[in-house]
Amino acid sequence: GEIPLQWNVYRNKDGFINTKTIVGKNSKNTPLLSLTTKGIKLKDIDNPEGKQPESFDTYQCVEINDLVMCLFDLDISAVFSGLSSYNGMISPAYKVLKCNERVIAKYADYWFRYIFDGRKFNQYAKNIRYTLTYDVFSALPMLYPSVEEQQNIADYLDTKCTQIDTIIAKEQSVIEKLQEYRQSIITETVVRGLSTNVLFQPINCEWIDMIPDGWNLIKFGMITNIKSNLVSPLDYPSLLQISPENIEKDTGNIFGIKTVRETGIISDNHLFNKGQIIYSKVRPTLNKVIIADFDGLCSADMYPIETIVNVKYLVYFMRSKLFVSQVDRISSDRVKMPKINKMELRQLFCFIPSEEEQKRIVELLDSKCNKIDKVILEKQVLIDKLIEYKKSLIYEIVTGKKEVPHV
């Protein structure tokens, strides 16, 4: 569309120099950097997460105010660019750009954030990995206000985005506290029951020594049947297919599920029935748990589970700190693939009150958790609106649709 009369349109290569200085033997004394959704961050080289190379000697140098570009996997990558606040080294898979006299680094950072919103460069990508060659990238257009105006834009957006991010952080903090409060209520209720003057009975158990009088301490395998019914999804093209990524942790809300025909996922899945518990057994999605309200297929990383007790009560117990801590203790010993297998899951302990008390506990927790979830949803809606407002503001300012207010 239209741009301000005094602005110029040049190519990317008119404002940037692509550098690739290999760190070599200096890697042992050079900070390791990572390109993340929250910018370029320092990474602990002594306590790495994920795969790491045997040597960092092939990594490339990054200096303060360099732009780091991820020009591959444009269709799925969570991040496209970042502005470095550090001197360090980063993977040679990225492109490192230095700004020339035409471009203020902060302005360029905001410009590429706008470009990434909506993945505007996807149409220029090549091959199945949606890779943008540097020759193609360097030939694409970019808006060039004067250097002075770029600085004004960067300063204005820094101020406004910081204000927005501060509000988002506060709201996110409230959500986290509400989630902790919800789990505390669940744990307190499934440990103590509904009576304010509860009597306890001693038990012989390594991780807890008392349970409410009249309750039973039972192994998970005594009250459940952990199903294993792996089938080929190709035989069930019209069934809905669910994976751990479709489940919101803590609430069990489901989103984004599709039929086998729509997902195209053909690796073996478990067949499950409506009313069964679906439990995720592998980190980082470990301990996601829902009650299925439809017949379908679930990832092999999940277990369909039937139970002889109140199914909603058992799901609440599985969300309690008591159950989660047992799972964490087992799974955390496995560094390469933290998970819990069927035999280990059967050995976990559960508190089981009478059928009547199970029902009353479910009614109370449904009421309390629904109120908490309503507040969390309101906070999340506000956060989503603020995120969209920030994107809109960046777009309007870096494209000249809105003039930077003069103080």
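Our structure is the block above this text.
Attention in this report is confined to the structure presented alongside it. Residue positions within a chain follow its written sequence, with the count starting from 1. Local features in a predicted model are, by the rule used here, given only for residues with pLDDT of at least 70; side-chain atom pairs are given and counted only at 80 or more, and totals for whole chains, interfaces and linings are based on all residues. Just so you know, side-chain values use all the structure's heavy atoms and leave hydrogens and water out.

What follows is about the overall build of the protein chain. To qualify as a helix, a DSSP run of H or I must reach at least 4 residues; to qualify as a strand, a run of E must reach at least 2; elements of each kind are numbered from the N terminus. The helix and strand tally for the protein chain stands at 9 helices and 23 strands. With respect to the principal axes defined by its C-alpha atoms, the protein chain has extents near 80 × 50 × 50 Å. The buried label applies to any residue whose accessible area, calculated with a 1.4 Å probe on protein chains only, is under 20% of its type's maximum; exposed applies above 50%, and partly exposed to all values in between. Across the 407 residues that make up the protein chain, the buried fraction comes to 43%. Put simply, of all contacts in the protein chain between residues at least 6 apart along the chain, 75% involve residues at least 24 apart. Per-residue and other accessible areas were derived by the Shrake-Rupley procedure at a 1.4 Å probe size, with only the shown protein chains allowed to occlude residues. Total accessible area on the protein chain stands at roughly 22,300 Å², and carbon and sulfur atoms take up 51% of it. Side-chain charges in the protein chain split into 52 positive and 51 negative, and the spacing between the mean points of these groups amounts to 2 Å. The contact criterion used throughout is that any non-hydrogen atoms of two residues lie within 4.5 Å. For this count, His and the chain ends are skipped, Lys and Arg are scored as positive, and Asp and Glu as negative. Positions of charges follow a simple convention, taking NZ of Lys, CZ of Arg, CG of Asp or CD of Glu.

Its identity is not glycine, yet Asn65 carries a phi of approximately 75°, on the positive side. With respect to the element layout, Asn65 can be found in the loop between β5 (60-62) and β6 (67-69).

By secondary structure assignment, the location of Thr19 is in strand β2 (residues 16-19). With relative accessibility at 17%, the residue Thr19 sits in the buried group. Ignoring anything within four residues of it in the chain, the contact list for Thr19 reads Gln60, Val96 and Lys98.

The next subject is the pattern of salt bridges. Every case where a carboxyl oxygen of Asp or Glu lies within 4 Å of a side-chain nitrogen of Lys or Arg is listed as a salt bridge. Evaluated as defined, the whole model comprises 15 salt bridges. Between Asp158 and Lys106 there is a salt bridge; the shortest N-O distance is 3.0 Å. Taken together, the residues Asp158 in helix α3 (residues 147-192) and Lys106 in helix α1 (residues 105-116) connect sequence positions 52 residues apart. Relative accessible area serves as the criterion here: at 31%, Lys106 is assigned to the partly exposed category. Across the pair Glu171 and Lys379 runs a salt bridge whose closest N-O atoms are separated by 3.2 Å. Of this pair, Glu171 sits in helix α3 while Lys379 sits in helix α9 (residues 355-398); the two residues are 208 residues apart in sequence, bridging distant segments of the chain. Exposure remark for Glu171: the relative accessible area of 14% places this residue in the buried category. Taking relative accessible area as the criterion, Lys379 reaches 24% and is therefore assigned partly exposed. A cluster of three or more residues bridged by salt bridges with shared partners is formed by Glu63, Asp66 and Lys98.

A separate point is the pairing of strand β9 (residues 95-99). Pairing between strands is defined by DSSP: at least two bridges between them are needed. With 4 bridges connecting them, β2 and β9 associate as antiparallel partners. Among the inter-strand pairings, Asn18 is bridged to a residue of β9, identified as Leu97. Here β6 pairs with β9 via 3 bridges, running antiparallel. Paired with Leu67 across the two strands is Leu97, which belongs to β9.

Time to look at the packing of α3 against α9. With axes taken as lines fitted to C-alpha atoms, and helix axes fitted only over the stretch in contact, angles between N-to-C directions fall between 0 and 180 degrees. One way to put it is that α3 packs onto α9 with a least axis distance of 10 Å and a crossing angle of 170°. The angle between α3 and α9 places the two elements in the roughly antiparallel class. By the definition adopted for this analysis, an angle is roughly parallel if under 35 degrees, roughly antiparallel if over 145, roughly perpendicular if from 65 to 115, and oblique otherwise.

On to the nonpolar core. Core analysis: the biggest nonpolar cluster contains 82 residues, and Phe112, Phe220, Tyr279, Phe323 and Leu345 have the highest contact counts within it. In contact with Phe112, not counting residues within four places along its chain, are Asn12, Phe16, Leu67, Met69, Phe80, Ser81 and Phe137. Within this scheme, the nonpolar core is defined by two criteria: the residues are buried Ala, Val, Leu, Ile, Met, Phe, Trp, Tyr or Cys, and they are joined through side-chain atoms within 4.5 Å. Of all hydrophobic cores here, the second largest spans 10 residues; its members include Val79, Ile90, Tyr94 and Val96.

Once that is clear, we can look at the sheet that holds β9. Picture the strands of a sheet paired through backbone hydrogen bonds; they go either parallel or antiparallel. Ordered by their spatial adjacency, 4 strands build an open sheet running β2-β9-β6-β7, and the pairing between neighbours is antiparallel. On the outer flanks of this sheet lie β2 and β7 (81-83), each paired with one strand and no other. Taking each pair of neighbouring strands and ignoring which way they run, the sheet shows an average axis angle of 30°. Summarising the sheet, β6 and β7 pair through 3 bridges and their orientation is antiparallel. Bridge pairing links Leu67 to Leu83 in β7.

Overall, mixed pairing links the 5 strands, which are arranged β15-β18-β21-β16-β17 in an open sheet. A strand with exactly one partner marks an edge of an open sheet, and here the two such strands are β15 (230-231) and β17 (258-259). The pairing of β15 with strand β18 (residues 269-272) spans 2 bridges and is antiparallel. Each bridged residue has a counterpart across the sheet, and for Leu230 the counterpart in β18 is His270.

Only Phe, Tyr and Trp rings are paired, with Trp represented by its six-membered ring, and only when their centres lie within 6.5 Å; those with planes under 30 degrees apart are stacked, over 60 edge-to-face, the remainder tilted. This structure, assessed with the given rule, holds 19 aromatic pairs. Summarising the aromatic geometry, the rings of Phe16 and Phe112 are spaced 5.8 Å apart at their centres and angled 45° between planes, so their arrangement reads as tilted. You can see Phe16 sitting in strand β2 and its partner Phe112 sitting in helix α1, a full 96 residues away along the chain. Comparing Phe16 with Phe112, the two get one shared label, buried. Grouping aromatic residues by their ring pairs yields a cluster made of Phe16, Phe80, Phe112, Phe116, Phe121, Tyr124, Tyr134 and Phe137. Geometrically, a charge over a ring is one whose NZ (Lys) or CZ (Arg) sits within 6 Å of the ring centre while staying within 35 degrees of the ring normal. Above the ring of Tyr10, the side-chain terminus of Arg102 is found at 4.4 Å from the ring centroid.

This paragraph deals with helix α7 (residues 321-331). If you check which residues of α7 are buried, you get Leu322, Phe323, Val324, Gln326, Val327 and Ser331. Of the surrounding elements, those touching the buried residues of α7 are α3, α4 (220-223), β19 (277-280), α6 (311-318), α8 (342-346) and β23 (349-352).

One can find Gln276 in the loop between β18 and β19. The exposure class assigned to Gln276 is buried, which follows from its relative accessible area of 5%. For Gln276, the side chain forms a polar contact with the side chain of Glu306, separated by 3.0 Å. Once residues within four sequence positions are removed from consideration, Gln276 is found in contact with Lys227, Ile290, Ile291, Ala292, Pro304, Ile305 and Glu306. For the purposes of these results, a polar contact is taken to be a pair of N or O atoms within 3.5 Å, where, inside protein, one atom must be able to donate a hydrogen and its partner to accept one; residues adjacent in sequence count only when each atom of the pair is a side-chain atom.

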